[in-house]
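Structure at a glance
Chain by chain, the residues:
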Amino acid sequence: MIEMETMSKYYGDKKAVSDLSFSISEGEIVGLLGLNGAGKSTILKILGCFLLPSVGRATVGGHSVATEAQEVRKIIGYLPDTPPLYNEMTVRSYLEFVARLKEVPATISDNIAYAMDKTNLLDVENRFISQLSHGYRQRVGIAQALVHRPKVLILDEPINGLDPIQIAEMRDLILSLKGQHTVILSSHILSEITKTCDRILVIDQGQLVAEGSETELKAGSKADFDLRVDVKGDHAPILSQLEKIEGLSRLKTKNMDGFTQIFCHCQLDVRSQIAKTIVDMGGELVHMAKEDGELESLFFRLVKSEGKS
Amino acid sequence: MNKVILIATREMGAFFKTWMGYIIIFASLLINGLLFNAFAIGNSPKYSADVLKDFFFFNSGIGMVAAVFLAMRLIAEEKQNGTIVLFYTSPITERQLVYGKFLSVLCIFLILQILSLYLPALIFIEGKVSLGHMFSGYLGVTLLGAAVLSIAMFGSAVAPNQLLAAVTGASIVVVLLLLWLVADRVDEPFSGLFAYIAIHNHRFNPFSKGLVHLKDIVYYLSIIFFFIECSIRTLETRRLQG
């Protein structure tokens, strides 16, 4: 559904996107993950026919964004980082305007009902947009992108500025679009992107540095990881022995009720050595687990290593 | 054509849902009325045709200022608020967008002129002027107003915000306005060229006297289409620039 081949984009002399190639199949939800300024919005703007690529080729639904922009615009719904809303209009009148702009034929009422139903806007349909909270404004932004039932939805930072409850609602909304629309979204919040997307494209300095599902990214990496070990007994001699293990660093302890938590960073998988050392030193191993920030550390490692190269 | 009307309708709706529209119309009519009483009618006896001519002179000036204020927001406001993205990602051309915007402010300008009709109507009832003279004057004001609207809209397309749009549009209008003064002080061929390009003096005065010349209509239409085309090209190049 979406193809990008060796696409680059320059702003003057600055290269914002560099030789980017990827493809997205119909019905997939794909997330662009990267730090601020990584080039995510530029990629989405090019797919939304808002910008032209400087080099390379980008197609949506088989149509080139450069030469067949009008055809592409008919099949995409685009939500920029700030929703394009007219404060003086009501939600319904705004969606009617957008539906006509996007060439919805005779089924305007059905389409508006569909968009409002998906985004839970029915209770505010006659309110002026200026009176809506940030969360509702974001929903109206998604509704305008959905109102012509596009094949492809392009969402730039859809959870930007939302509170935790609104984030959860937005996540459910995006997941409910699966299968009906191909969705590409961007975010710099790793935990959210892993919860909503089938596949993640990690972007750094305009380049694709990793690609795959959360599991594939974890499996394919030789990433470092953080470890938490709970031990009973005198932890001081254990700690001094652990410090000698190669590939283990950043050891920290925290005294709990009746046991000690040891936090450490593993460059190599030395978990069996850790367990053996604890037992040899007369300690009791209660619990050992990788910390939740595992993918996060992978993400930082990816963008940092690419940044250095 | 449907999308041009769609955009024009929304734009007009937005204009009358904010105070700005009412303020521009109210201020224009108020100043028009004051100038009409103070100068067009004046204290000394005048022929009705001269009163009408003076009314159109003042009305043209007020109309030019109003046109700059009306058009400065057209595209710059969309850029400021980020709503221009909606058009750039919808199946609509830059040409449809620009013509829709222009049509909306032209309609509002015409409403403003219709609301000023009571002043020449007073002259028509109390004095002796022809309907042809009134038609000619309003044709001139409308053509001049439309030309200034297109110039200010170009300013709005070029500038990143409404203030700069107003400054850009007004600067171009003032230059075109003052060219007739420069024309008197330079030699040929510049003298003839500047006099030809000047937007008000030689072009508008015949209309205010009840004279309609085809060359003046062609001139104003040329200015209108030139600046509309410049606005379209400005928006079209945006995709390349980023």
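In the block above lies the structure referred to throughout.
Thresholds, definitions, all that
- Position numbers for residues count from 1 along each chain, tracking the sequence in the order it is written.
- Chain letters and ligand numbers both follow the written order, the letters beginning at A and the numbers at 1.
- Residues qualify for local features only when their pLDDT is at least 70, as the model is predicted, and side-chain atom pairs are given and counted only at 80 or more; totals for whole chains, interfaces and linings, by contrast, use all residues.
- Derived side-chain values reflect all non-hydrogen atoms in the structure, with water molecules and hydrogen atoms excluded from consideration.
- Helix and strand definitions follow DSSP, with helices as H or I runs of at least four residues and strands as E runs of at least two, each counted in order from the N terminus.
- The criterion for strand pairing is that DSSP finds at least two bridges linking the strands in question.
- Categorising residues by exposure relies on relative accessible area from a 1.4 Å probe, with only protein chains included: less than 20% of the type maximum marks a residue as buried, more than 50% marks it as exposed, and the intermediate range marks it as partly exposed.
- Take the buried Ala, Val, Leu, Ile, Met, Phe, Trp, Tyr and Cys residues and link them wherever side-chain atoms come within 4.5 Å; each set so joined is a nonpolar core.
- Note on contacts: a residue pair qualifies if any of its non-hydrogen atoms lie within 4.5 Å across the two residues.
- The rule for a salt bridge is simple: a side-chain nitrogen of Lys or Arg has to be within 4 Å of a carboxyl oxygen of Asp or Glu.

This paragraph deals with unusual backbone geometry. For residues besides glycine, phi is generally negative; the peptide bonds are generally trans as well. Along the chain, Glu188 of chain B connects to Pro189 of chain B via a cis peptide bond; the corresponding omega equals 10°. Mapped onto the elements, Pro189 of chain B comes out in the loop between α9 (162-183) and α10 (190-197). With a phi close to 50°, Arg149 of chain A is a non-glycine residue in the positive phi region. Mapped onto the elements, Arg149 of chain A comes out in the loop between α5 (134-146) and β7 (152-156).

Right, let's get into the sheet that holds strand β2 (residues 14-24) of chain A. Within a sheet, each strand pairs with its neighbour through backbone hydrogen bonds, oriented either parallel or antiparallel. Residue and element names in this part refer to chain A. Within the open sheet, the 4 strands sit side by side as β2-β1-β4-β5. Their pairing is antiparallel. Of all the strands in the sheet, just β2 and β5 (63-64) have a single pairing partner and so form its edges. Both strand β1 (residues 2-11) and β2 contribute to a ladder of 7 bridges, which runs antiparallel. Opposite Ile2, over in β2, you have Ile24 as the bridge partner.

Moving on: the side chain of Thr119 of chain A. Structurally, Thr119 of chain A is set in the loop between α4 (108-118) and α5. Note on Thr119 of chain A: relative accessible area 2%, which makes it buried.

Attention now goes to the nonpolar core. Counting 145 residues, the largest nonpolar core has Tyr94 of chain A together with Ile199 of chain B as its most contacted members. Here this core gets 14 residues from one element, more than from any other, and that element is helix α8 (residues 131-158) of chain B. Tyr94 of chain A has contacts with Pro84, Leu85, Tyr86, Met89, Ile129, Val140 and Gln144 of chain A together with Leu86 of chain B, leaving out every residue within four places of it along the chain. Ranked by size, the runner-up nonpolar core spans 15 residues in total, among them Val231, Leu239, Leu242 and Ile245 of chain A.

Note on pairing: side chains with opposite charge can pair once their charged atoms come close. In this structure the tally under the stated criterion is 24 salt bridges over all chains. Close ionic contact of Arg199 of chain A with Glu211 of chain A constitutes a salt bridge, the shortest N to O distance being 2.5 Å. Residue Arg199 of chain A is found in strand β9 (residues 199-204), and its partner Glu211 of chain A is found in strand β10 (residues 207-212); the two are separated by 12 residues along the sequence. Looking at Arg199 of chain A, the relative accessible area reads 14%, which means it is buried. Look at Glu211 of chain A and you get partly exposed, because its relative accessible area is 39%. Of the charged contacts in the structure, one is a salt bridge between Arg10 of chain B and Glu11 of chain B, with a shortest N-O distance of 3.5 Å. The exposure classification of Arg10 of chain B matches that of Glu11 of chain B, with both residues buried. Three or more residues joined by partner-sharing salt bridges are found here, namely Glu88 of chain A together with Arg10, Glu11, Arg73, Glu77, Glu78 and Lys101 of chain B.

Keep in mind that these numbers describe shape and distance, not what the molecule does.
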